[in-house]
Protein chains: 2
Amino acid sequence: MTGTLGIKAEFLTSKHKRDIERIALANHLKIHYFTDEADLDALIGQCEILYGYIPPEKLRAAESLRWLACASSGVEQYLGEYLYANPGVILTNSAGAYGITISEHIVMTLLMLLRRMPEYNAVTAAHQWESLGRIRSIYGSVITVIGTGDIGTAFAQRAKALGAAHIRGVHRSNRVLPRCFDESYAVEDLDFALAGADAVIMCVPGTKETENLMTRERLGLLKKTSVLINVGRGSSLDQDALMDALNSGKIAGAALDVTTPEPLPADHPLWNTKNLILTPHVSGNMTLDITCDLDVNLFFDNLTRYCRKQPMKHIVERSVGY
Amino acid sequence: MTGTLGIKAEFLTSKHKRDIERIALANHLKIHYFTDEADLDALIGQCEILYGYIPPEKLRAAESLRWLACASSGVEQYLGEYLYANPGVILTNSAGAYGITISEHIVMTLLMLLRRMPEYNAVTAAHQWESLGRIRSIYGSVITVIGTGDIGTAFAQRAKALGAAHIRGVHRSNRVLPRCFDESYAVEDLDFALAGADAVIMCVPGTKETENLMTRERLGLLKKTSVLINVGRGSSLDQDALMDALNSGKIAGAALDVTTPEPLPADHPLWNTKNLILTPHVSGNMTLDITCDLDVNLFFDNLTRYCRKQPMKHIVERSVGY
């Protein structure tokens, strides 16, 4: 093999680079770290493998490309066959790197909603010292997790350890879920999985199948005390219906790390929605050391497999979307 | 037995009351629920047992009192022998009722500090959509828990389930700690337990022994990236030194649910301290159903023991303070 591996991944440490270089060297692969856009334009045509965050519109110029290894889990912008110069380019994602960081985000925002932290932030901002009364707990709660991949499972394990009474997993294909899930629902039975839930956690990818999965009607099935958290993609939720449900008190609260559109315009009504915790799509990016380590490990494992012509992991079916 | 049980506990549900009344009836105890201060003044003198939140200054009038069952865990205001009309009144607390709610508060504030939520709250309040960069995780962290009773242990179990790498327990007496603690330190060796800790969790009662336990010098042992959480009593911490450490960036953040004094005056500099999450002593009060249930269960168990003249639980040594 004498191809070139092009890398655009600012989060790599020198140790990460040494590890990648070691295997590349052993397999006669040249490595090039793109420095800027001009550099990328000049050299992308030589690359057999691309790793990291490659702008989709640059892929047409990657005439030698055989494998695109995305550092993200969601890859909706890389699905169109027209993006690629050649057919049959292998696309892999980093599913599995984000379980720890996103599940910690979910635990944090869920506790903030149940313990009324947005309201307490307002109380302390006014320098007041008062109890707001009743709060709620993860302990003993019924939680519906939509999407039972790496992220949903990592969260379900944590919620179980925190004493959740009952965790329902909602998934696309019939399969046996890990033990941290108490019940298993096919997505067709989502309505049943929502009934009576104290919390609904959405961690599904942005695909045609998940578009508007949480409709206005389904939001109407939730309890007045229910809270909803979305860390997947904004497209899977009827955002207007959620704003209505929150502003009218039909549900107790929500936390969104993903919205429609992103970035959210400064004058969007979502910013001023009641009992809503907003974060700017940061639950799972490369800001946590362990996420970067896991991501590099996934790439390193796949690079070894690629060089040895063994079956690779985390290959995305472009027609399905993940 | 023909004494009176006086109860001042607004959080009791009708089911709680039925349970208490059942055992009281079987033991020929009369029950009186105090309705207001005049009612309390009129009837406290008849009470053999008092349960709930009894104002300390009223105890002098409780001439028949043999057992005071406090619904709180911290009982520093009930320790003075001069408060009581008779010597030898048994004082019990509700240690054990608060583990779930306070440990959830600690997990929440710890994640908020590690994931920079106070800063993200400011970003979203300004309707901005931007990543602040690096965050940190409970996963893989070193956590020092000062106070290894019900609350400290409940938190350590949760932190371990969330992937903490190493949990150090600091305690008063030599004993074997539960398995969720990786290391055991006597309080005399606190300095060693603080070195290198990513997070320090303080959950000790307010006693002479714990006063100013976290001195300015000890705060100086923490790392620039360390965070500190106090859910015990404000008196165990040099609050001025903590404000200095936070405002100068010598430590990364703190969360205080207890302060000196309480309530905190509106013009106190603590309100405007950098990277500090303040809550108004609400991590463990009777706002969570499960806390109320546990509290009533503890009282119910002790009431049974009292009536049967069996050894009671959670008796406070007034000279020690818990």
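Below or above, wherever it landed, is the structure these notes cover. Only a predicted model underlies this, so the values are computations on that prediction, with no experimental measurement involved.

1. Notes on unusual backbone geometry
T260 of chain A connects to P261 of chain A through a cis peptide bond whose omega is -5°. In this fold, P261 of chain A is placed in the loop between β11 (253-256) and β12 (276-278). Even without glycine at this site, H28 of chain B takes up a positive phi of about 60°. Position of H28 of chain B among the secondary structure elements: in the loop between α1 (14-26) and β2 (30-33). A residue is classified by how much of its surface remains accessible, and H28 of chain B, at 56% relative accessible area, is exposed. Its identity is not glycine, yet R116 of chain B carries a phi of approximately 60°, on the positive side.

2. Examining the packing of aromatic side chains
One pass over the full model with this rule turns up ten aromatic pairs over all chains. Considering the side-chain rings of W129 of chain A and W271 of chain B, the 6.4 Å spacing of their centres and the 80° angle between planes classify their relative orientation as edge-to-face. You can see W129 of chain A sitting in the loop between α4 (117-125) and β6 (142-146) and its partner W271 of chain B sitting in the loop between β11 (253-256) and β12 (276-278), one on each of two chains. Feature note: the residues Y51, W67, F299 and Y306 of chain A constitute an aromatic cluster, connected by ring pairs. Positioned above the aromatic ring of Y84 of chain A, the side-chain terminus of R318 of chain A is 4.4 Å from the ring centre.

3. Some points on the interface of chain A and chain B
Across the contact, 48 residues belong to chain A and 48 residues belong to chain B. Summed over both sides, the interface of chain A with chain B buries roughly 4,500 Å², with 67% coming from carbon and sulfur. The three residues of chain A that bury the most area against chain B are R115, H127 and W129 of chain A, which together make up 19% of that side's buried surface. One can count two salt bridges joining chain A with chain B. In this structure, D289 of chain B and R134 of chain A form a salt bridge, with 2.5 Å as the shortest nitrogen-oxygen distance. Seen at the junction of chain A and chain B, the total is 14 residue pairs in polar contact (both at pLDDT 80 or more). Residue assignment for the side of chain A that touches chain B shows that the elements contributing at least two residues are α3 (99-114), α4, α5 (150-161), β12 and α9 (289-307) of chain A. At eight residues, α3 of chain A tops the list of elements feeding residues into the side of chain A that touches chain B. For the side of chain A that touches chain B, the residue count by class is 23 nonpolar, 16 polar and nine charged.

4. Thoughts on the relation of the copies chain A and chain B
With an axial shift of 0.0 Å and an RMSD of 0.0 Å, the rotation relating chain A to chain B amounts to 180°. The two molecules are tied by a two-fold rotation axis, judged by turn and shift. Distance from the rotation axis, computed per C-alpha, reaches its smallest value in chain A at M108 of chain A: 2.6 Å. Taken together, the interface assignments show that 100% of the residues at the interface of chain A recur at the interface of chain B, consistent with an identical surface on both copies.

5. Overview of the environment of G52 of chain A
Residue and element names in this part refer to chain A. Considering the arrangement of structural elements, one finds G52 in strand β3 (residues 47-52). Measuring from C-alpha to C-alpha, the distance between G52 and K8 comes to 5.0 Å, with 44 residues separating the pair along the chain. Leaving out residues up to four positions away in the same chain, G52 has contacts with K8, A9, A69, C70 and A71.

6. What about the sheet that holds β2 of chain B?
Residue and element names in this part refer to chain B. Pairing is parallel in the open sheet, where five strands are placed in the order β2-β1-β3-β4-β5. Edge strands, defined here as strands with exactly one partner in the open sheet, are β2 and β5 (90-92). On average, each strand axis in the sheet is tilted by 15° relative to the strand beside it, whichever way the strands run. Across four bridges, the pairing between strand β1 (residues 4-8) and β2 is parallel. Bridge pairing in β2 links I7 to Y33. Sheet contacts for helix α9 (residues 289-307): β1, β3 (47-52), β4 (67-70) and β5; angle to β3, the most-contacted strand, approximately 160°.

7. Details of the pattern of salt bridges
If you walk through the whole model with that rule in mind, you get 32 salt bridges over all chains. Two residues, D19 of chain B and K15 of chain B, come together in a salt bridge whose shortest N-O distance is 2.9 Å. In this pair, D19 of chain B and K15 of chain B both sit in helix α1, four residues apart, roughly one turn of the helix. The salt bridge partner of R66 of chain B is E48 of chain B, with a shortest N-O separation of 3.6 Å. A residue pair is termed long-range when its members are at least 10 positions apart, and R66 of chain B in the loop between β3 and β4 and E48 of chain B in strand β3 qualify at 18 residues. The class for R66 of chain B is partly exposed, based on a relative accessible area of 48%. Residues joined by salt bridges that share partners form a network here, namely K15, D19 and R22 of chain A.

8. A few points about the side chain of H16 of chain B
Residues and elements named next belong to chain B. Among the secondary structure elements, H16 is positioned in helix α1. For H16, a relative accessible area of 7% translates into the label buried. Not counting the four nearest positions on each side in its chain, H16 is found in contact with F11, C292, D293 and V296.

9. What about the sheet that holds strand β4 (residues 67-70) of chain A?
Residues and elements named next belong to chain A. Read across the sheet, five strands follow the order β2-β1-β3-β4-β5 without closing on themselves; strand pairing throughout is parallel. Two strands in the sheet have a free side with no partner beyond their single neighbour: β2 (30-33) and β5 (90-92). Shown here is a sheet whose adjacent strand axes are inclined to one another by a mean of 15°, direction ignored. Each of β1 (4-8), β2 and β3 touches helix α1 (residues 14-26); the most contacted strand, β2, lies at about 150° to it. The strands touched by α9 within the sheet are β1, β3, β4 and β5, with β3 carrying the most contacts at an inclination of about 160°.

10. As for the packing of α1 of chain A against α9 of chain A
Residue and element names in this part refer to chain A. Put simply, α1 and α9 touch, their axes get as near as 10 Å, and they point 0° apart. The pairing of α1 with α9 is recorded here as roughly parallel in orientation. Here H16, D19, I20, R22 and I23 of α1 come into contact with α9, specifically with C292, D293, V296, F299, F300, L303 and T304. Class assignment of the residues belonging to the contact of α1 with α9 gives a composition of seven nonpolar, two polar and three charged.

11. Here's the deal with the packing of α3 of chain A against helix α3 (residues 99-114) of chain B
It is the contact of α3 of chain A with α3 of chain B, at a shortest axis distance of 9 Å, that shows an interaxial angle of 120°. By the angle between their axes, α3 of chain A is oblique relative to α3 of chain B. Judged by the twist between their axes, the crossing of α3 of chain A over α3 of chain B is left-handed. Between α3 of chain A and α3 of chain B, the residues in contact are E104, V107, M108, L111 and M112 of chain A and E104, V107, M108, L111 and M112 of chain B, respectively. In terms of residue class, the contact of α3 of chain A with α3 of chain B is made up of eight nonpolar, no polar and two charged.

Definitions and cut-offs
Residues numbered from 1 in each chain as written. Chains lettered and ligands numbered in written order. Predicted model: local features only at pLDDT ≥ 70, side-chain atom pairs only at ≥ 80, totals over all residues. Heavy atoms only, no water. Helix = DSSP H or I, 4+ residues; strand = E, 2+ residues; numbered from the N terminus. Buried < 20%, exposed > 50% of the residue type's maximum accessible area, 1.4 Å probe, protein only. Phe/Tyr/Trp six-rings, centres within 6.5 Å; stacked < 30°, edge-to-face > 60°. Lys NZ or Arg CZ within 6 Å of the ring centre and 35° of its normal. Contact = heavy atoms within 4.5 Å. Buried area = accessible area lost by both parts, 1.4 Å probe. Salt bridge = Lys/Arg side-chain N within 4 Å of Asp/Glu carboxyl O. Polar contact = N/O pair within 3.5 Å; in protein donor to acceptor, adjacent residues only side chain to side chain. Nonpolar A, V, L, I, M, F, W, Y, C, P; charged D, E, K, R; others polar. Least-squares fit on C-alpha atoms with pLDDT ≥ 70 in both. Pairing = 2+ DSSP bridges. Axes fitted to C-alpha atoms, helices over the stretch in contact; angles between N-to-C directions. Parallel < 35°, antiparallel > 145°, perpendicular 65-115°, else oblique. Left-handed = near helix turned anticlockwise from the far one by under 90°.

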